[in-house]
Amino acid sequence: MKTRPGVMTLSYLIVIVATFVFLFPIAWLFITSFKPPAEVLMVALPSRLTLENYQTVLETFPVGQYFINSVLIAVGSTLISLTTGSLAAYSLSLYRFRARQPIMLMTLLMRLLPGVAVGIPLFYLFSAVRLTNTMPGLILAHTAIQLPLVIWIMLGFFEDTPTELIQAGLVDGCNRFNVIYRIVLPIVTPGLAVGAIFSYLLSWNNLDLALILAPTPRLVTMPVGISNMNLIYGVRWDLMAAAAVMYIIPTIILALLLQRYIVRGLTLGAVKG
Amino acid sequence: MAERATPTSVAYPKPSVKAARFHLSDGWFGFLITVPALLIMLTVFVFPLVFSAYTSLHRFEITRPDRTRFIGLENYATILQDDAFQRALGNTLTYVFVAVPIEFAIGLGLALALATITRGRGMFRTLLVIPQMLAPAVMALMWKFMYNDELGIINHLLREFGVNRPPLWLTETPLALFSIIIVEIWATVPIFVLLLLAGLLSIPSEYYEAAAIDGGSAWTVFRHITLPLLQPVILVALLIRGMDAFRVFDLVYVLTGGGPALRTDVLSYYIFRTAFTDRDFGLASAGAWIVSIILLTGGLILIRFMRRRA
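Please read these numbers as outputs of a predicted model, since none were measured by experiment. (Residues numbered from 1 in each chain as written. Chains lettered and ligands numbered in written order. Predicted model: local features only at pLDDT ≥ 70, side-chain atom pairs only at ≥ 80, totals over all residues.)

1. A look at the overall build of chain B
Keep this limit in mind: Strands are runs of DSSP state E lasting at least two residues, helices are runs of H or I lasting at least four, and both sets are numbered from the N terminus onward. In this description the radius of gyration comes from C-alpha coordinates, and the expected globular size is given by 2.2 Å times residues to the power 0.38. C-beta atoms are first placed from the backbone for all residues, and any pair lying within 7 Å is then listed as a contact.
Counting secondary structure elements, chain B contains 14 helices and 2 strands. The C-alpha atoms of chain B give 27 Å as radius of gyration, which overshoots the globular expectation for 310 residues (19 Å, by more than 25%). Its C-alpha atoms put chain B at 95 × 75 × 30 Å along the principal axes. Within chain B, contacts between residues separated by at least 24 positions form 69% of all contacts whose residues are at least 6 apart in sequence.

If you want it as structure tokens, here you go:
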């Protein structure tokens, strides 16, 4: 259908203005982080760009430690949820057994519940088995919130895998694990990448469970640390901006890597087809 | 799942060690490989919820578990009559029913604009992917900085444009709640755009060509072709995003901490405070269950809707 030139111009205008509105706060954060400390109090573009804020924040706050904690927890939980979750998704897409429907329903409903509803009893149960304030405890909790996402993302990819290939493998004498390892995994590699990035971000961005389950300073993650910097130490926006930029750079890189698949992950495979 | 025996293995003249080994049916194999994920989900997610259902029926303090005693539905009665809970519920509902329709309207407009343009669509879409991937805690901090009266760019610009006393975005009521809603809208519009754009682009162009031949106006085409074909995507997006907004925690925690004077309290934050500030575990569990039941109902509606489509 032909689009009238007026409509076309208006569309471009809307898109450009909207992109500006949605990116401005992020750009402003970056600009603030590179300002000389004295100029942070002024609403203006910086007179010069400097890394002073980054240096100060790394010296005064254990931001490096926060960052490492976040990376370890996110990588650990992603590895577990990706391995166990894709096995489960493979099974749910290929095999028919009595527990199949209940498992699918459970994973879908799990995504809907608020973090605090799970975090509060988990805090108590983890205290009983001495898992509060431990890295494994936090990894386990994050694995649980990643699993529904991994399972639903991978289900979509496994359903696109032709079953003829799997059957051919079985006829040729592969056992069922060999089929997964040699035939299915190479086909769903892009799916594993998508699942991994989404899981990583889910843990990387998580505030509520990290706040509830690991209140010790030793295990503070980036989101908890940055929120505390603001809530406890008040208006050191110069330092906060530098820390926040360090925190979101990995996210931006992953978002760009992921953008082709993002719609699928956002809907949990729900709107597929 | 019933047939475990493998008649084929008996047929071998000399059963090898491999063939003689116990053979799993496909159903059992399928179930067994879900077990690791299932165990994690059951122990770290489902069991805690069951446990909190139990504690919601008891007087239960985190610090004094020895004083636990059964009180039936008293926690539920107490919480439903609690003014603070009612306010948190009211705020949460306002939050959802103001934010989500606006997000949808802006998202649809923007998706239509993106579907219309011919050059640079991929680039704009990539740029729009970024904001909604950021941690809500960081979104909240960025906006808290911009909302700041002295240091923030928003009030700075308002003063430049001659507004003498620009609003104190996060400390005035009822404005503070709406200031949080603005951040929520900023964070979520891109998600609606991406979902709706995917829906729009999947509508076959033949429909539009046929409409052009029939000479329908742009509005008629939108009303009678685009909207009906987009409807499933719209409903699923609204339901999922509505439930996400209902769980809001991070934005409130960082932006206002529920203040001023708990005027921006929401359900998740109320439950969090009840458990960790007031240390009333039983009451917090009752609150968590009320929220969970509301969300699970929403989830079942969503599933039923998706099944009907399939």
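Having put the structure on the table, let's press on.
2. Remarks on the confidence of the model for chain B
Residues and elements named next belong to chain B. The condition that has to hold: Per-residue confidence from the prediction method is given by pLDDT, with values spanning 0 to 100.
Summarising the model, chain B shows a mean pLDDT of 87, and 92% of its residues fall at 70 or more. pLDDT under 50 marks residues 1–20. Its contacts with residues more than four places away, or in other chains, come to 14 contacts. Overall fold confidence for the complex sits at a pTM of 0.89, while the interface term, ipTM, reaches 0.90.

3. What to know about the interface of chain A and chain B
The following threshold applies: Amino acids are sorted into nonpolar (Ala, Val, Leu, Ile, Met, Phe, Trp, Tyr, Cys and Pro), charged (Asp, Glu, Lys and Arg) and polar (every other residue, Gly among them).
Across the boundary between the two partners, chain A contributes 80 residues, which contact 83 residues of chain B. Those elements that place two or more of their residues in the side of chain A that touches chain B are helix 1 (5–33), helix 3 (63–94), helix 4 (100–110), helix 5 (115–128), helix 6 (135–159), helix 11 (222–233), helix 12 (237–258) and helix 13 (262–266) of chain A. The greatest single-element share of the side of chain A that touches chain B, amounting to 14 residues, is contributed by helix 1 of chain A. Classifying every residue of the side of chain A that touches chain B gives 62 nonpolar, 14 polar and 4 charged.

4. Here's the deal with helix 9 (residues 189–204) of chain A
Residue and element names in this part refer to chain A. Definition in use: Take the number of residues in a helix, subtract one, and multiply by 1.5 Å to get its expected span. For the exposure call, what matters is how many other C-beta atoms sit within 10 Å of a residue's own: 20 or more marks it buried, 12 or fewer exposed, and in between partly exposed, using C-beta atoms placed from the backbone.
For helix 9, with 16 residues, the first-to-last C-alpha span of 22 Å sits near the 22 Å given by 1.5 Å per residue. The element helix 9 is extensively covered by neighbouring structure, given that 12 of its 16 residues are classed as buried. The set of residues buried in helix 9 consists of Gly191, Val194, Gly195, Ala196, Ile197, Phe198, Ser199, Tyr200, Leu201, Leu202, Ser203 and Trp204.

5. Section: the environment of Leu175 of chain B
All names here are of chain B. Examined against the element boundaries, Leu175 turns out to sit in helix 9 (residues 175–201). Among the residues examined, Leu175 registers 16 C-beta atoms within 10 Å and is labelled partly exposed. It is 9.5 Å that separates the C-alpha atoms of Leu175 and Thr264, two residues lying 89 residues apart in sequence. For Leu175, the residues in contact, after removing those within four places along its chain, are Pro167 and Trp169.

6. Here's the deal with the nonpolar core
Our working rule: Only buried Ala, Val, Leu, Ile, Met, Phe, Trp, Tyr and Cys residues enter a nonpolar core, and they are joined through C-beta atoms within 7 Å. Where each domain begins and ends follows an automated or database-derived domain assignment.
If you look at the biggest cluster of nonpolar residues, it comprises 171 residues, and the most contacted ones within it are Ala243 and Ala244 of chain A together with Val138 of chain B. The greatest single-element share of this core, amounting to 16 residues, is contributed by helix 6 of chain A. When residues of this core are assigned to domains, at least three map to each of domain 1 (7–55) and domain 2 (74–309) of chain B. Every residue in contact with Val138 of chain B, bar those within four places of it in the chain, is listed here: Ile226, Ala244, Tyr247 and Ile248 of chain A.

7. Some points on helix 4 of chain A
Those residues of helix 4 of chain A that sit buried are Thr107, Leu108, Leu109 and Met110 of chain A. Considering only its buried residues, helix 4 of chain A is in contact with helix 6 of chain A together with helix 3 (26–55) and helix 14 (281–309) of chain B.

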